[in-house]
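The primary structure of each chain is shown beneath.
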Amino acid sequence: MSFDAAYEALTDHDDDARWAYGTGFADPLAGVDDTVPDGVDRGELAAYCLMLGDDALIMSHRLQQWVTRAPELEDELALANIALDLLGQARLLLTRAAEVEDAGRDEDALAYLRDAADFRNVRLVERADADFAHLVARLLVFATWRLALLDRLTTSADPVLAAIGAKGVKEVTYHRDYAAQWVVRLGDGTELSHDRMQAAADEVMPLVDELFRPHPTELRLVAAAVAVDPSTLRSEFDAVWGQVLTAATLRTVGAAPGASGHPTAGVPVEEAGVPVEETGVPVEETGVPAATGPLAGSGRDGAHTAALTDILAELQSVARSMPGGVW
Amino acid sequence: MSEDIKHEWPLFEVFVRAKRGLNHVHVGSLRAADHEMALHHARDLYTRRNEGVSIWVVRSDDVAASSPDEKEAFFSPSGDKVYRHPTYYSIPDSVPHI
């Protein structure tokens, strides 16, 4: 469970001739003070760590589903690397949540033994990707938003969150770059790739507003200088998204979700291709700009699409069928 | 237009400089659509275990290689030129990597 053992085997090998490559691994939380800052509610801090941790955990799982299905071997490994980066962030955040709530659970209990309604991730990370264009559009949205968030988290009053933010910034910078390169390559490619990339960019838009709606827990922790107010990230997101789509010769304002009839090659999971409305994403999210205030019934409150239930059935199956099992 | 689409990406050779290494070392090859993508792929394939601090990629068809047929003429003549090694000098212990 502890990171110490895993890193112990790989750190400080400067005098060890066994490894020609790949030594000098570092524990990202080495030397970080893990006491909860004064005046911060432990329950709220744990809930916030769950939000950011669940975002990473579920996005990582969706990326893992592309392994053995990616269009090229090299991209398969790239996606697996990104999934592993996010899984690492999820582990640090769920470990912090477990430590702060102090209720006898650990990162595994939080990942494997909670039901869908107890997950706090945004709905963007749940969606199945109908094809590779949908994947890179969704990854670009996710990485652009998360990079802006982690960058501000580096100044959090919670030293553990600040360290996790600093580690994550370097990782997610690469994720955003990877996704942006593919969006540009496909958008500014052939007529067919352009149309499919445009459809993918349009269809991810209804999931974007939720990312920037602060939850009451977030706002209370913003007041304590621990959390980031997601509504302050919108302008950076819009600038990056607009810049990439312009370079990709794509329109930034999308058509109505589910309106396109693009083919769905490379469908990774069974529910891919289902129009967005049928996956349970509220249709009210299109049209009138959403209120900037807290929204009842968001993923942050445990209101999820059916897609999350499918993910958890897969993600939790081994842990639930073999309680307490270890390698 | 479809006949313009190349269905197989070109091959690139990858060179990585390790943290404690002195020069870039050939580590393998990969396929990519262009140099920028090749650098991304090289980072993802060949440096994921903390192996490197610098990457070079070169199109494989840009590499000129010596031919096995020329082996005698290329490499044998140096076989008896022992005086080309600096063995007549004493080298201080503090000078590495000669």
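Source: prediction; values computed, not measured.

## Let's talk about the packing of helix α3 (residues 73-101) of chain A against helix α1 (residues 35-46) of chain B
When two helices pack together, their arrangement is given by the angle between the helix axes and by the axis-to-axis distance. Axis separation between α3(A) and α1(B) bottoms out at 9 Å; the angle between their running directions is 65 degrees. The handedness of the crossing between α3(A) and α1(B) is left-handed. Between α3(A) and α1(B), the residues in contact are A:Glu74, A:Leu77, A:Ala78 and A:Asn81 and B:His40, B:His41, B:Asp44 and B:Leu45, respectively. A class-by-class count of the residues in the contact of α3(A) with α1(B) yields 3 nonpolar, 3 polar and 2 charged.

## Describing unusual backbone geometry
Residue and element names in this part refer to chain A. One non-glycine residue, Asp-102, lies in positive phi territory at about 55 degrees. In this structure, Asp-102 sits in the loop between α3 and α4 (107-112). What makes Asp-102 exposed here is the crowd of 11 C-beta atoms within 10 Å. For Ala-225, which is not a glycine, the phi torsion comes out positive at approximately 65 degrees.

## A look at the environment of B:Val16
Here B:Val16 lies in strand β1 (residues 11-18). Considering only alpha carbons, one finds B:Val16 and B:Arg49, 33 residues apart in sequence, at a separation of 12 Å.

## Quick notes on the nonpolar core
Burial of nonpolar side chains together is a common tendency in soluble globular proteins. Residues and elements named next belong to chain A. If you look at the biggest cluster of nonpolar residues, it comprises 86 residues, and the most contacted ones within it are Val-136, Leu-140 and Val-183. At the level of elements, α2 (42-64), α3, α4, α5 (132-153), α6 (159-187), α7 (191-204), α9 (234-247) and α10 (306-315) are the ones that each hand at least two residues to this core. With 16 residues, the top contributor of residues to this core is α5. Not counting the four nearest positions on each side in its chain, Val-183 is found in contact with Val-136, Ala-137, Leu-140, Met-197, Val-244 and Ala-248.

Quick notes on the rules
- Within any chain, residue numbers begin from 1 and follow the written order of that chain's sequence.
- By the order in which they are written, chains take letters starting at A while ligands take numbers starting at 1.
- With pLDDT at 70 or above as the cut-off, local features in this predicted model cover only qualifying residues; side-chain atom pairs require 80 or more to be listed or tallied, and sums for whole chains, interfaces and linings still use all residues.
- Only the contacting stretch of a helix is used when fitting its axis, a line to C-alpha atoms as for every element, and angles between N-to-C directions run 0 to 180 degrees.
- Runs of H or I in DSSP of at least four residues are treated as helices and runs of E of at least two as strands, each being numbered from the N terminus.
- What makes a crossing left-handed is the near helix being turned counterclockwise from the far one by less than a right angle; a clockwise turn instead makes it right-handed.
- Residues are scored as being in contact if the C-beta atoms we place from backbone atoms lie within 7 Å.
- We call Asp, Glu, Lys and Arg charged. Ala, Val, Leu, Ile, Met, Phe, Trp, Tyr, Cys and Pro are nonpolar, and the rest, Gly among them, are polar.
- Partly exposed residues are those falling between the two cut-offs: more than 12 but fewer than 20 other C-beta atoms within 10 Å of their own, whereas 20 or more means buried and 12 or fewer means exposed, with C-beta atoms placed from the backbone.
- For our purposes the nonpolar core covers buried Ala, Val, Leu, Ile, Met, Phe, Trp, Tyr and Cys residues that link as a set through C-beta atoms within 7 Å.

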